[in-house]
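Residues per chain, in single letters:
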Number of protein chains: 2
Amino acid sequence: MKSIVSTTCATLLLVGVASPVLGQPTPGSDPLPSWKEGDVKRAIITFVDAVTTEGSPDYVPPEERIATFDNDGSLWSEKPTYFQLFFAIDQVRKMAANHPDWETTEPFKSALAGDVNGLMATGKEGLAKILASSHANLTAEEFSAAVRDWLATRRHPITNRPYDEMVYQPMLELLAYLREHGFKTFIVSGGGIDFIRVFAEETYGIPPEQVIGSSIAAKFEMRDGIPTIVKRPEGMFIDDKEGKPIGIYQHIGRRPLFAAGNSDGDLQMLQYTTIPRSESDSGRHFGLIVHHTDADREWAYDRDSHVGRLEQALDEAPKRGWRVADMKRDWTRIYPDATQSSDR
Amino acid sequence: MKSIVSTTCATLLLVGVASPVLGQPTPGSDPLPSWKEGDVKRAIITFVDAVTTEGSPDYVPPEERIATFDNDGSLWSEKPTYFQLFFAIDQVRKMAANHPDWETTEPFKSALAGDVNGLMATGKEGLAKILASSHANLTAEEFSAAVRDWLATRRHPITNRPYDEMVYQPMLELLAYLREHGFKTFIVSGGGIDFIRVFAEETYGIPPEQVIGSSIAAKFEMRDGIPTIVKRPEGMFIDDKEGKPIGIYQHIGRRPLFAAGNSDGDLQMLQYTTIPRSESDSGRHFGLIVHHTDADREWAYDRDSHVGRLEQALDEAPKRGWRVADMKRDWTRIYPDATQSSDR
């Protein structure tokens with residue numbers, strides 16, 4: 001975990017985040033050094049200037065500058081499957097001794113066998129069951145500790161990197177650039193809210209209260225005199241597709257100016273953010289799609305992918321004016337600490 | 001609404017809120033001018049100094065400085081009943097023409113008759129039904145507009161003031177003082193999240209994303225090509241008692257340092273915030289109870305009150321070290337624009 005922290009901090013220094021300690025960014029420095037010059041980078045900078053320059057017809061006051069980011073495939077990788085699923089599999093394995101029936105029952109059987117494809121084949125219900133089982137009846141602290149331990153010790157099966165180092169350097173720069181211009185940055189993820197909260201602050205500079213995600217219920221109880229939150233395997237809220245604008249409404253209560261995603265799970269968030277309510281509204285919103293086009297440095301997938309399928313949102317992009325960041329074309333690097341030629 | 005805004009702004013100026021425009025507060029100025037000198041005021045200032053002074057053994061970094069405030073009875077008045085109930089009654093009356101059965105069915109019958117006592121007698125279920133009916137099937141924008149209009153046009157039945165001018169000046173000062181010291185201030189209310197969000201930013205300086213409250217479900221749909229959030233009369237989350245620490249966990253994901261409430265509905269939030277997990281934890285948390293003791297300037301009630309009953313939390317206060325602000329003794333004024341001698 002150490003190296004990603006220092007890399008992220010270095011990045012923040014490089015892009016010149018405004019802070020009382022660091023001072024203002026150097027005028028004229030490139031705020032998005034890992035973005036190649038081109039339409040997408042230019043459009044981002046033009047948009048940010050338009051909504052943050054006082055006197056601009058599209059000026060928006062700081063308190064309304066909300067930016068929402070999907071996580072899986074938009075801020076970090078999601079192949080061969082969602083990273084949280086690897087965590088859930090590890091958790092289910094740890095718990096298996098107390099659940100002998102899991103050995104013969106799906107989705108647990110596939111999970112225990114480490115059969116990711118078999119697990120994916122159990123569909124949304126199967127995945128939801130595995131994810132819920134991976135934290136049901138744990139206290140909030142026990143769950144966080146399990147995620148923290150997992151991130152510190154486990155490696156990605158293909159790249160052999162720590163999972164939280166497989167984050168996109170250009171998106172870290174974009175987050176910092178938006179914050180530097182008064183935006184509050186949020187994660188709005190189909191992944192688990194409490195899973196992402198464990199690393200979002202250190203990795204993305206996004207505090208727990210600005211993470212929205214799928215969740216299960218919780219209960220409050222006194223345990224040995226200590227007020228304790230215990231996670232319950234019920235009341236699941238799925239923060240995906242239609243769930244994303246609903247999560248934004250319930251959690252933020254304000255429509256974003258900026259949304260970034262990479263799959264059809266982000267379609268409704270992009271629509272909710274960018275479709276103008278009025279004429280004056282039309283220049284004040286920005287939709288960004290991260291398009292996975294780089295099989296050498298990361299992965300290349302869109303329409304036919306089971307994880308991160310991008311079809312409807314890609315087709316709607318020209319009509320809605322969403323910008324499509326082509327990873328191969330638009331990004332000079334993928335991960336923070338990798339060489340430029342081959343990141344994966 | 002105008003006068004409360006300017007009064008609040010004047011207040012913010014008076015207490016010297018740190019901002020890029022206003023600069024730092026004048027050294028030596030009293031940050032809590034409406035709090036009389038005494039144990040409670042001294043304890044608040046001592047606590048804030050301890051957790052915000054670098055090098056102090058109880059120092060807490062800014063990102064962890066979370067303060068949570070109950071709303072009804074803690075930031076604004078709640079007599080003769082919760083103000084939102086007056087709004088809900090007005091809403092139900094507007095909708096009554098489409099619901100002929102309401103005239104003979106409780107809790108609607110009492111609501112339509114304006115019989116607050118009769119309505120309260122229908123209990124939690126009745127109240128929940130009225131509150132849910134007051135916004136079910138409205139779009140997010142329709143509901144906000146209804147609240148905005150109600151606040152602008154309706155007056156409190158006893159004081160004849162706009163409801164949003166019945167906020168506590170000492171608590172406005174406390175909110176500003178905490179923010180000036182790097183705290184993020186949240187509302188954690190049993191009242192409706194979307195109701196409070198309409199006025200929290202203007203009235204308390206608390207943005208919508210820092211308001212937590214009771215809620216009903218919502219759905220997302222396209223209406224004439226516009227992405228729309230519609231409120232649904234189901235999936236109610238009650239952000240009261242045990243619901244408060246759960247709401248804090250789900251919404252903030254971080255335990256507060258500071259919590260303020262005024263009734264047994266705040267008991268679990270106070271426990272969750274202040275009961276130490278470890279020895280080093282014990283000086284870093286503060287619980288405040290607003291005790292309604294001033295029948296001349298506001299209302300006097302505690303153990304026997306149906307609305308805002310304060311019994312268990314008052315009994316636990318000495319054991320837990322919670323400070324009890326006695327409105328009569330500790331506050332030089334109640335509402336922002338009132339004379340000091342008679343506020344109500």
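Scroll up for the structure.
Basis of the calculations
- Residues numbered from 1 in each chain as written.
- Chains lettered and ligands numbered in written order.
- Predicted model: local features only at pLDDT ≥ 70, side-chain atom pairs only at ≥ 80, totals over all residues.
- Heavy atoms only, no water.
- Helix = DSSP H or I, 4+ residues; strand = E, 2+ residues; numbered from the N terminus.
- Buried < 20%, exposed > 50% of the residue type's maximum accessible area, 1.4 Å probe, protein only.
- Contact = heavy atoms within 4.5 Å.
- Areas by Shrake-Rupley, 256 points an atom, 1.4 Å probe, with all protein chains shown as cover.
- Salt bridge = Lys/Arg side-chain N within 4 Å of Asp/Glu carboxyl O.
- Axes fitted to C-alpha atoms, helices over the stretch in contact; angles between N-to-C directions.
- Parallel < 35°, antiparallel > 145°, perpendicular 65-115°, else oblique.
- Left-handed = near helix turned anticlockwise from the far one by under 90°.
- Nonpolar A, V, L, I, M, F, W, Y, C, P; charged D, E, K, R; others polar.
- Least-squares fit on C-alpha atoms with pLDDT ≥ 70 in both.
- Expected span 1.5 Å × (residues − 1).
- Buried area = accessible area lost by both parts, 1.4 Å probe.
- Pairing = 2+ DSSP bridges.
- Right-handed = clockwise from strand over helix to strand, strands pointing away.
- Phe/Tyr/Trp six-rings, centres within 6.5 Å; stacked < 30°, edge-to-face > 60°.
- Lys NZ or Arg CZ within 6 Å of the ring centre and 35° of its normal.
- Polar contact = N/O pair within 3.5 Å; in protein donor to acceptor, adjacent residues only side chain to side chain.

Colleague: Quick one: what's the story with the overall build of chain A, residue by residue and with numbers?
Modeller: A count of helical and extended segments in chain A gives 13 helices and nine strands. Of all 344 residues assigned to chain A, the portion counted as buried reaches 58%. Residue pairs in contact within chain A that sit at least 24 positions apart in sequence constitute 68% of those at least 6 positions apart. Summed over its atoms, the accessible surface of chain A is roughly 13,700 Å², and 51% of this surface lies on carbon and sulfur atoms.

Colleague: Lay out the pattern of salt bridges with the relevant residues and their values.
Modeller: If you walk through the whole model with that rule in mind, you get 41 salt bridges over all chains. In this structure, Glu209(A) engages Arg254(B) in a salt bridge whose closest nitrogen and oxygen atoms are separated by 3.7 Å. With one member in each of two chains, Glu209(A) in the loop between helix H9 (193-204) and strand S3 (211-214) and Arg254(B) in the loop between helix H10 (243-251) and strand S6 (258-261) form a pair that bridges those chains. Like Arg254(B), Glu209(A) is buried. Linked by salt bridges that have partners in common, Lys184(A), Arg254(A), Glu201(B) and Glu209(B) make up one network.

Colleague: Describe in detail the packing of helix H3 (residues 83-95) of chain B against helix H7 (residues 140-153) of chain B, supporting the description with residues and values.
Modeller: Residues and elements named next belong to chain B. Between H3 and H7, the shortest axis-to-axis distance is 11 Å and the interhelical angle comes to 110°. Taken together, the axes of H3 and H7 are roughly perpendicular relative to one another. Here H3 runs over H7; the crossing is right-handed. Along its contact with H3, which presents Phe83, Phe86, Phe87, Asp90 and Gln91, the element H7 presents Phe143, Ala146, Val147 and Trp150. Classifying every residue of the contact of H3 with H7 by side-chain character gives seven nonpolar, one polar and one charged.

Colleague: Please set out the relation of the copies chain A and chain B residue by residue, giving values where relevant.
Modeller: Mapping chain A onto chain B calls for a screw motion: a turn of 180° about the axis and a shift of 0.0 Å along it, with 0.0 Å RMSD after fitting. These values place the two chain copies in the arrangement generated by a two-fold rotation axis. Closest approach to the rotation axis among the C-alpha atoms of chain A is made by His251(A), whose C-alpha sits 3.5 Å away. Of the residues that chain A buries at the interface, 100% are likewise interface residues in chain B, meaning the two copies contact each other through the same surface.

Colleague: Mind laying out the packing of helix H10 (residues 243-251) of chain A against helix H11 (residues 267-274) of chain A, listing which residues take part and the relevant values?
Modeller: Residues and elements named next belong to chain A. It is the contact of H10 with H11, at a shortest axis distance of 7 Å, that shows an interaxial angle of 55°. Considered as vectors, H10 and H11 are oriented oblique to each other. Of H11, the residues touching H10 (which contributes Lys244, Pro245, Ile248 and Tyr249) are Gln268, Met269 and Tyr272.

Colleague: Explain H3(B) to me, using residue names and the numbers behind them.
Modeller: All names here are of chain B. For H3, spanning 13 residues, the distance from its first C-alpha to its last is 19 Å, which sits close to the expected 18 Å at 1.5 Å a residue. For H3, every residue scored as buried is listed here: Phe83, Gln84, Leu85, Phe86, Phe87, Ala88, Ile89, Asp90, Gln91, Val92 and Met95. On its buried side, H3 packs onto helix H4 (108-112), helix H5 (116-121), helix H6 (123-133), H7, strand S2 (184-192) and helix H9 (193-204).

Colleague: So what's going on with the interface of chain A and chain B? Residues and values would help.
Modeller: If you look at the interface, chain A gives 41 residues, while chain B gives 41 residues. In total, about 3,200 Å² of surface goes out of reach between chain A and chain B, with carbon and sulfur atoms giving 56% of it. In terms of surface lost to chain B, no three residues of chain A exceed Glu209(A), Phe220(A) and Tyr249(A), which account for 21% of the buried area on that side. Scanning the region where chain A abuts chain B turns up six salt bridges.

Colleague: Describe the pairing of strand S3 (residues 211-214) of chain B, listing the residues and the values that go with them.
Modeller: All names here are of chain B. Alignment of S2 against S3, held across three bridges, turns out to be parallel. Opposite Val188, over in S3, you have Ile212 as the bridge partner. Traced from S2 through H9 to S3, the parallel crossover comes out right-handed.

Colleague: Mind laying out helix H8 (residues 169-180) of chain B, listing which residues take part and the relevant values?
Modeller: Residues and elements named next belong to chain B. Relative to the 16 Å expected for 12 residues at 1.5 Å per residue, H8 spans 16 Å between its end C-alpha atoms, a close match to the ideal helical length. H8 sits mainly inside the fold: 11 of its 12 residues count as buried. Residues Gln169, Pro170, Met171, Leu172, Glu173, Leu174, Leu175, Ala176, Tyr177, Leu178 and Glu180 constitute the buried set of H8. Immediately beyond the C-terminal end of H8, within one or two residues, lies Gly182, with a positive phi of roughly 85°.

Colleague: How would you explain the packing of aromatic side chains if you had to name every residue and give the values?
Modeller: Aromatic ring pairs: the centre-centre distance and the angle between the two ring planes describe each pair. Residue and element names in this part refer to chain A. Under the counting rule described, the total for this entry stands at 41 aromatic pairs over all chains. Of the aromatic side chains, those joined through ring pairs into one cluster are Trp76, Phe83, Phe86, Phe87, Phe143, Trp150, Tyr163, Phe195, Phe199 and Tyr204. One residue, Lys231, lies across the ring of Phe143, its end atom 5.3 Å from the ring centre.

Colleague: Tell me what's going on with the side chain of Asp194(A), and back it up with residues and numbers.
Modeller: Examined against the element boundaries, Asp194(A) turns out to sit in helix H9. You can call Asp194(A) buried: its relative accessible area is 7%. A distance of 2.3 Å separates a polar atom in the side chain of Asp194(A) from a polar atom in the side chain of Lys231(A). Residues within four places of Asp194(A) in sequence aside, it is in contact with Phe143(A), Lys231(A) and Tyr249(B).

Colleague: Please give an account of unusual backbone geometry that cites residues and values.
Modeller: Residue and element names in this part refer to chain A. Residue Pro80 is bonded to the preceding Lys79 through a cis peptide linkage, with omega at 0°. Despite not being glycine, Asn137 shows a phi value in the positive range, around 70°. The topology assignment puts Asn137 in the loop between helix H6 (123-133) and helix H7 (140-153). Phi at Asp224 takes a positive value of approximately 50°, unusual for a residue other than glycine. Looking at the secondary structure, you find Asp224 in the loop between strand S4 (218-223) and strand S5 (226-231).

In short, shape yes, function no, at least from these values alone.
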